Amino acid sequence: MRNLTFSGAINEALAQEMRRDPDVYVSGEDVGVFGGCFGVTAGLLEEFGEERVRDTPITESAIIGSSVGAAAAGLRPVPELMFVDFIGVALDQLYNQAAKMKYMFGGKARLPLTVRTTCGAGMSAAAQHSQCLEAWFMHVPGLKVVVPSTPYDAKGLLIASIRDDNPVVFIEHKMLYGIEGDVPEEAYTIPLGKADVKREGDDVTVVATMAMVHKALAAAEKLAESGVSVEVVDPRTLTPLDVETIVNSVKKTHRVVIVHEAVKHAGPGAEIAAVLADEAFDYLDAPIKRVTAPFTPVPFSPVLEQAFIPSEKEIIAAVKELV
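Everything in this summary refers to the structure shown in the same document.

## Some points on helix α7 (residues 151-163)
And then number 1: With 13 residues, α7 extends 19 Å between its outermost C-alpha atoms, agreeing within 8% with the 18 Å of an ideal straight helix rising 1.5 Å per residue.
And then number 2: Buried residues of α7: P151, D153, A154, K155, G156, L157, L158, I159, A160, S161 and I162, and no others.

## Observations concerning the pairing of strand β11 (residues 230-234)
And then number 1: The buried fraction of β11 is high, at 5 of 5 residues.
And then number 2: Neither face of β11 is open: one carries V230, V232 and D234, the other E231 and V233, and all of them are buried.
And then number 3: By the bridge criterion, 3 bridges tie strand β9 (residues 196-199) to β11 in an arrangement that is antiparallel. Along β11, the bridge assignment pairs V197 with V233.
And then number 4: Across 4 bridges, the pairing between strand β10 (residues 204-208) and β11 is parallel.

## Observations regarding the sheet that holds strand β2 (residues 24-28)
And then number 1: In spatial order, the strands read β3-β2-β4-β5-β7-β6-β12; together these 7 strands make up an open sheet with mixed pairing. The sheet is open, and its two edges are formed by β3 (53-55) and β12 (237-239), each paired on a single side. Pairs of neighbouring strands in the sheet enclose a mean axial angle of 20°, with direction left out of account.
And then number 2: Here strand β4 (residues 76-81) pairs with strand β5 (residues 114-119) via 2 bridges, running parallel. Residue pairing across strands places L81 opposite T117, the latter belonging to β5.
And then number 3: Sitting on the sheet, helix α1 (residues 6-20) touches β2, β3, β4, β5 and β7 (168-173), and the angle it makes with β2 is about 130°.

## As for unusual backbone geometry
And then number 1: Note the cis peptide between T239 and P240, where omega equals -5°.
And then number 2: As for its placement among the helices and strands, P240 is situated in the loop between β12 and α9 (243-253).
And then number 3: Positive phi, close to 65°, is recorded for D30, a residue that is not glycine.
And then number 4: For D30, the location among the structural elements is in the loop between β2 and α2 (44-48).
And then number 5: Given a relative accessible area of 39%, D30 falls into the partly exposed group.
And then number 6: Here M210, not a glycine, exhibits a phi torsion of approximately 50°, which is positive.
And then number 7: Assignment of secondary structure puts M210 in the loop between β10 and α8 (211-225).

## Topic: the pattern of salt bridges
And then number 1: The full count for this structure, using the stated rule, is 20 salt bridges.
And then number 2: With a shortest N-O distance of 2.8 Å, R2 and E12 are connected by a salt bridge. Here R2, found in strand β1 (residues 2-5), pairs with E12, found in helix α1; they are 10 residues apart in sequence, far enough to count as distant.
And then number 3: Relative accessible area serves as the criterion here: at 16%, E12 is assigned to the buried category.
And then number 4: Counted as one network, the salt bridges with shared partners bring together D153, D196, K198, D234 and R236.

## A look at the packing of aromatic side chains
And then number 1: Inspection of the entire model under this criterion finds 6 aromatic pairs.
And then number 2: A centroid spacing of 5.4 Å and a plane angle of 35° characterise the contact between F38 and Y177, whose relative ring orientation is tilted. Highlighted residues: F38 in the loop between β2 and α2 and Y177 in the loop between β7 and β8 (180-183), separated in sequence by 139 residues.
And then number 3: The class for Y177 is buried, based on a relative accessible area of 7%.
And then number 4: Of the aromatic side chains, those joined through ring pairs into one cluster are F6, F38, F83, F86 and Y177.

## Description of the environment of G8
And then number 1: Looking at where G8 falls in the secondary structure, it is placed in helix α1.
And then number 2: In this structure the C-alpha to C-alpha distance between G8 and T56, which are 48 residues apart in sequence, comes to 23 Å.

What counts, and where the lines are drawn
- Per chain, the residues get numbers from 1 upward, laid out in the order the sequence is written.
- A pLDDT threshold of at least 70 governs which residues receive local features in this predicted model, and a stricter bar of 80 or more applies before side-chain atom pairs are shown or counted, although totals over entire chains, interfaces and linings include all residues.
- Remark: hydrogens and water are excluded; side-chain values derive from all non-hydrogen atoms of the structure.
- Helix and strand assignments come from DSSP, with helices taken as H or I runs of at least 4 residues and strands as E runs of at least 2, each series counted from the N terminus.
- The length a helix should cover is 1.5 Å for every residue beyond the first.
- Throughout this description, buried means an accessible area under 20% of the type-specific maximum (1.4 Å probe, protein chains only), exposed means over 50%, and partly exposed covers the range between.
- Should DSSP find at least two bridges between two strands, the strands are taken to pair.
- Axes, fitted as lines to C-alpha atoms, cover a helix only where it is in contact. Angles between the N-to-C directions of the axes lie from 0 to 180 degrees.
- By definition, residues are in contact when any of their heavy atoms lie within 4.5 Å.
- Salt bridge, as used here, is a side-chain nitrogen of Lys or Arg placed within 4 Å of a carboxyl oxygen of Asp or Glu.
- Ring geometry is summarised as follows: Phe, Tyr and Trp rings, the Trp one being its six-membered ring, pair when their centres sit within 6.5 Å, and such pairs are stacked at plane angles under 30 degrees, edge-to-face over 60 and tilted between the two.

Geometry only, nothing functional implied.
Next up, the structure:
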């Protein structure tokens, strides 16, 4: 394998799928000439041209609306929304049209649409450019929600998403773009709905998503020094959710901490906790704990922003409380 950044893995996935399938195209603000706000689509315009790498106006409703129509007509659009915060401008196109067409047309319509977007705090981008809103999309039947944490997962999950015949919201935490990891050169897929046990352990299960996976792994290393064995489970997709892997881990450890950067109130961890209460209650020896952002907008101030983002220290404290 080679070492690639998270952004490089996504770029390679896009290029390989565009070479493989002429129906795949990319659109969005600054994806062409500029190479994307975060550089993820760099080089695609030069290779594939303006017909398949389309710079758009700053109009999220048009970006998603045109992509929904293109998908229904047989193409495989991969539109980019620069920040998930602005997906609300296009929610009707996403949750009333893309998510429902297959059902409203008796299964005859296909919507192979992959919406790429970014989330997350850590850049002092303030309240309107830093949110984690994945729970919004989990609530909509017909949408798949993908949340990769590593370069390897990002490439395999994106290729699987593009090849899927259903609409997918593919969320990239912007603070992960620079991390590096082993990524095969050839195209490969990771099944949507299959979690990954990033670290095996016996005492406590930590279910973590996106950037929080790395903080959970770091916390697990420190806890191991004091004799606490932590298993880290990365769902990788929130819809479909791999309930079996998460439940089996909790059956082994009997304790669970759920970690995500989204706010606690009605966040993705609330659904995971409810599933565990339904399906693993008899195996729990302690309450389910959640480590999340507080229920407040993301602060601009770097000091306050760091206090907002769940920390390794908070994960360690939650685990110690259970054991």
